[in-house]
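Here are the chains, one letter per residue:
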Amino acid sequence: YRDLGDDAGSAKAWHLLAHLDWTRGRLTQAEEAAKKARTLAKEAREPYWEANAIGLRCLIHYWGPWPLAEVESRCKEALEEAERNGILSLAATAYRVLARVAAQRGEREEAERYLDQATVIEGRIEDRIESLIQGTDHISRALIQLLDDDYRAAEQTLRTGYQELEAMGGQLPLANVAAMLARVRLLRGRTEDAEALTRTCERLAAPEQADAQVKWR
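Cut-offs and rules
Position numbers for residues start from 1 in each chain and track the written sequence from start to end. Local features in this predicted model are restricted to residues whose pLDDT is 70 or higher, and side-chain atom pairs enter the listing and the counts only when it is 80 or higher, whereas totals over whole chains, interfaces and linings include all residues. To get the side-chain values, all heavy atoms of the structure are used, and hydrogens and water are removed first. Here the aromatic set is Phe, Tyr and Trp, taking the six-membered ring for Trp, and pairing holds for ring centres within 6.5 Å; pairs whose planes are under 30 degrees apart are stacked, those over 60 apart are edge-to-face, and all others are tilted. Relative accessibility under 20% of the residue-type maximum defines a buried residue, over 50% an exposed one, and the middle range a partly exposed one, all with a 1.4 Å probe and only protein chains included. Numbered from the N terminus, helices here are DSSP runs of H or I no shorter than four residues, and strands are runs of E no shorter than two. Here, a salt bridge means any Lys or Arg side-chain nitrogen found within 4 Å of an Asp or Glu carboxyl oxygen. For a helix, the expected span equals 1.5 Å multiplied by the residue count minus one. Contact criterion: two residues are considered in contact whenever any of their non-hydrogen atoms come within 4.5 Å of each other.

## A look at the packing of aromatic side chains
The full count for this structure, using the stated rule, is 3 aromatic pairs. Arranged with centres 5.1 Å apart and planes meeting at 80°, the rings of Tyr-62 and Trp-63 form a pair that is edge-to-face. Classification of Tyr-62 by relative accessible area gives buried; the value is 13%. A centroid spacing of 6.1 Å and a plane angle of 35° characterise the contact between Tyr-95 and Tyr-114, whose relative ring orientation is tilted. Here Tyr-95, found in helix 5 (residues 88–104), pairs with Tyr-114, found in helix 6 (residues 108–122); they are 19 residues apart in sequence, far enough to count as distant. Residues Tyr-95 and Tyr-114 agree in their burial class; the two are buried.

Here it is in structure tokens:
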């Protein structure tokens, strides 16, 4: 793409590489690739792909070896960018990551407020992938409850999400929901149920779905 002078094509290629590294747990490499994708998208004057790269960097920073304060700062910068360009998907991603940051700090009300804002924004996105949105929403809400030691609420949230995703046929997000539900059941002393859900995750997880592969093991 660079030899052809196609910065937009290069940005998309680097974004794909960043996403692949992220899903496989290679987070420092993913960060470098996402940074490159953003630079190229900006040079190509492609605000949508620049926003995708910014949102992906928010997710990479959350899962990677970066302090919460840095993750929070990255997400707030992303929100400003989303407002300047009117890109709803970026705003939703930033709010969702901010919800998880707040939950890790023990700020449940703030976390739920951020998550509610993300859910409202996602409802306005026309080309969203429903099963992925549902899976992410239930996992995020259950994580907030789990970090607040509200295991009963977390289980109910995940069971609802599991049933909805099963009806949709959303196999990849269902694997992650099953893994998290197994963890909650284990915390509640239901070891047999937890083992069965672990096996479900093992069956559903794609070979390259690194997070789910780690969780069921």
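After that view of the structure, there is still more to cover.
## Observations regarding the pattern of salt bridges
In the structure shown here, the tally under the stated rule is 20 salt bridges. We note a salt bridge from Lys-76 to Glu-72, for which the minimum N-O separation is 3.6 Å. Of this pair, Lys-76 and Glu-72 both sit in helix 4 (residues 68–85), 4 residues apart, which is roughly one turn of that helix. Owing to a relative accessible area of 39%, Lys-76 belongs among the partly exposed residues under this scheme. Through salt bridges with shared partners, a single ionic network connects Glu-155, Arg-159, Arg-185, Arg-188 and Asp-193.

## Some thoughts on helix 4
End to end, helix 4 covers 26 Å across 18 residues, agreeing with the expected 26 Å (1.5 Å per residue, within 8%). Those residues of helix 4 that are buried lie in contact with helix 2 (27–43), helix 3 (47–63) and helix 5. Looking at the residues trailing helix 4, positive phi occurs at Gly-86, about 65°.

## With respect to the environment of Ala-212
Here Ala-212 lies in helix 11 (residues 210–216). Through-space distance from the C-alpha of Ala-212 to that of Thr-198 is 9.8 Å; in sequence the pair is 14 residues apart. Once you skip the residues sitting within four places of it in the chain, Ala-212 turns out to touch Ala-175, Asn-176, Cys-201 and Ala-205.

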